[in-house]
Amino acid sequence: MKNRKLKVHRNDPCPCGSGKKYKRCCLRKENSKDMEADKELYLKKYSIRLKEEKDINSIRKAGRLALDTLDLVESQIRPGIATDDINTLVHNFTIKNGATPAPLNYRGFPKSVCVSVNEVICHGIPGERILKDGDIVNVDVTPILNGYYSDINKTFFVGTPRPDAQKIVRVARKCLKRGMAAVRPGNSIGDIGWAIQSYAEGQGCSVVREFVGHGVGFGFHEPPQVPHYGRKGEGIILIPGMVFTIEPMINLGKKDLNILDDNWTAVTRDSSLSAQFEQTILVTDNGFESLTPFDLQ
Ligand code: MF3
Ligand code: CO
Ligand code: CO
């Protein structure tokens, strides 16, 4: 049996005799040494850049702006508006708040936001398409604020949804929730994918493979990749300070996709509906914190 008394607890006096609490003295030093060691290891081994307190605070601020942007979009969504109207809203609101829309000119993307309607999985280019009653529309925003990125998307109903639209949006939202619940130190990236895939397929839906979540914060797309499918225990082990997105794209039919001639728009090959939700997630000491928190029921 372990002698639990031998362990110094966080709130005990520090064994070094400083008179301070252990957590405010040597435990802190040990942790920050560990953090430095982890930082070096994860950078060398995986090219993952762990985030410090000041980075996290900045990403959280960018996240707040991203959330406010989606709230504004939601208030304007109705049958009759064009997808380009959403681009105008997002672009102007981002600039007005001292930020830059990351999608604009990113690898040649021509607009400030991705707007993906019905069978469009992701990377829809805003344009003339008019939203109509019963559509679903995914809006994906990524502001850069003071040099820091946050990445978030939601799928909205246009007017009154039919049952198939209700189903795919419900399943996609639950997939993000399940993926997030698998985030804690010691778990692996495969645990996240498994949590999502097992639920989606159990509901008779499918998981897109070609696009994945990703590290984010200093840049738009950093390592690691975060697949929304996988096996328990597989892949990189999560440690505090990692920041990445989870953004499952879930199809009502089969998982296969086509890319349109614009080289961006991804559509389901069987034309079935596709929905997506995304948040920017920080791995904490005992679980996760969303830096772009919104309710997932
Ligand atoms: N925001 C998307 C993501 O979640 C990426 C869009 S790339 C763009 O990773 F160029 F289309 F904007
Ligand atoms: Co993303
Ligand atoms: Co995104």
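Here the structure is shown first, and the text comes after it.
Residues numbered from 1 in each chain as written. Chains lettered and ligands numbered in written order. Predicted model: local features only at pLDDT ≥ 70, side-chain atom pairs only at ≥ 80, totals over all residues. Heavy atoms only, no water.

### Things to note about the overall build of the protein chain
Alright, step 1. Per the secondary structure count, the protein chain includes five helices and 17 strands.
Alright, step 2. Its C-alpha atoms give the protein chain a radius of gyration of 21 Å, within 12% of the compact-globule value 19 Å for 297 residues.
Alright, step 3. Across its three principal directions, the C-alpha atoms of the protein chain cover 70 × 45 × 35 Å.
Alright, step 4. Sorting the 297 residues of the protein chain into buried and exposed places 51% on the buried side.
Alright, step 5. The contacts of the protein chain with a sequence gap of at least 6 include a subset with a gap of at least 24, amounting to 66%. (Helix = DSSP H or I, 4+ residues; strand = E, 2+ residues; numbered from the N terminus. Rg over C-alpha atoms; globule rule 2.2 N^0.38 Å. Buried < 20%, exposed > 50% of the residue type's maximum accessible area, 1.4 Å probe, protein only. Contact = heavy atoms within 4.5 Å.)

### Comments concerning the sheet that holds strand E13 (residues 257–259)
Alright, step 1. Strands sit in the order E3-E14-E13 across an open sheet of three strands; the sheet is antiparallel. If you trace the sheet from one side to the other, it starts and ends with strand E3 (120–122) and E13, each paired once. In this sheet, adjacent strand axes meet at a mean angle of 40° when their direction is disregarded. (Pairing = 2+ DSSP bridges. Axes fitted to C-alpha atoms, helices over the stretch in contact; angles between N-to-C directions.)

### What about the sheet that holds strand E1 (residues 100–101)?
Alright, step 1. The strand order E1-E5-E6 describes an open sheet built from three strands, whose pairing is antiparallel. Each edge of the sheet is formed by a strand with only one pairing partner; in this case those strands are E1 and strand E6 (148–149).
Alright, step 2. Bridge analysis of E1 against strand E5 (residues 143–145) gives two bridges, and the strand direction is antiparallel. The partner of Thr100 across the bridge, within E5, is Ile144.

### Re the site of ligand 1
Alright, step 1. The immediate surroundings of ligand 1 are formed by 14 residues, with Asp140, Asp151, His214, His221 and Glu247 found nearest.
Alright, step 2. Taking His214, its side chain carries an N or O atom lying 3.1 Å from an oxygen atom of ligand 1.
Alright, step 3. Between an oxygen atom of ligand 1 and a side-chain N or O atom of His221, the distance comes to 2.8 Å.
Alright, step 4. Burial of ligand 1 by the protein chains amounts to 96% of its free accessible area of 340 Å².
Alright, step 5. A majority-of-atoms criterion places ligand 1 in the second largest pocket. (Near = heavy atom within 4 Å. Polar contact = N/O pair within 3.5 Å; in protein donor to acceptor, adjacent residues only side chain to side chain. Areas by Shrake-Rupley, 256 points an atom, 1.4 Å probe, with all protein chains shown as cover. 1 Å grid on protein atoms, 1.4 Å probe; cavity = no way out; pocket = protein on both sides within 12 Å on 5 of 7 lines; lining within 4 Å. Sits in = over half its atoms within 2 Å of the grid points.)

### Structural notes on empty space enclosed by the protein
Alright, step 1. By the definition in use, this model includes one cavity of 30 Å³ or more.
Alright, step 2. As for the largest cavity, its lining consists of Thr69, Val90, Thr94, Pro101, Ser112, Val141, Thr142 and Pro143.
Alright, step 3. Across the lining of the largest cavity, the residue classes break down as four nonpolar, four polar and no charged. (Points joined across faces, edges and corners; volume = space filled by probe spheres on them. Nonpolar A, V, L, I, M, F, W, Y, C, P; charged D, E, K, R; others polar.)

### So, the coordination of the cobalt ion (ligand 3)
Think of it this way: four donors in a tetrahedron around the metal ideally sit 109.5 degrees apart, and six in an octahedron ideally sit 90 or 180 degrees apart.
Alright, step 1. Here the cobalt ion (ligand 3) is held by the protein donor atoms Asp140 (OD), Asp140 (OD), Asp151 (OD) and Glu278 (OE), which lie 2.1 to 2.3 Å from it.
Alright, step 2. Here the cobalt ion (ligand 3) binds six donor atoms, and the angle range of 58 to 169° at the metal identifies the geometry as irregular.
Alright, step 3. Separating the cobalt ion (ligand 3) from the cobalt ion (ligand 2) is a gap of 3.2 Å, which Asp151 spans by donating to each of them. Of this pair, Asp151 sits in the loop between E6 and strand E7 (152–157) while Glu278 is found in the loop between strand E15 (274–276) and strand E16 (279–283), placing the two residues 127 residues apart along the sequence. This pair shows no difference in class: Asp151 is buried, exactly as Glu278 is. (Donors = N, O, S within 2.8 Å, 3.2 Å for Na, K, Ca; no water. Tetrahedral: all angles 85-135°; square planar, octahedral: opposite > 155°, others 65-115°.)

### Remarks on the environment of Glu247
Alright, step 1. Within the element layout of this structure, Glu247 appears in the loop between strand E11 (243–246) and strand E12 (249–251).
Alright, step 2. What makes Glu247 buried here is its relative accessible area of 8%.
Alright, step 3. Taking the C-alpha atoms as reference points, Glu247 and Pro293, 46 residues apart in sequence, are found 13 Å from one another.
Alright, step 4. Apart from the residues within four sequence positions on either side, Glu247 is in contact with Asp140, Asp151, Asn153, Val212, Gly213, His214, His228, Gln276, Phe277 and Glu278.

### Concerning the packing of helix H4 (residues 163–181) against helix H5 (residues 189–202)
Alright, step 1. In contact at an axis separation of 8 Å, H4 and H5 are set at 155° when each is read in the N-to-C sense. The pairing of H4 with H5 is recorded here as roughly antiparallel in orientation. For the pair H4 and H5, the sense of crossing is right-handed. Residues Arg170, Val171, Lys174, Cys175, Arg178 and Gly179 of H4 pack against Ile192, Trp194, Ala195, Ile196, Ser198, Tyr199 and Ala200 of H5.
Alright, step 2. When grouped by side-chain class, the residues that make up the contact of H4 with H5 number eight nonpolar, two polar and three charged. (Parallel < 35°, antiparallel > 145°, perpendicular 65-115°, else oblique. Left-handed = near helix turned anticlockwise from the far one by under 90°.)

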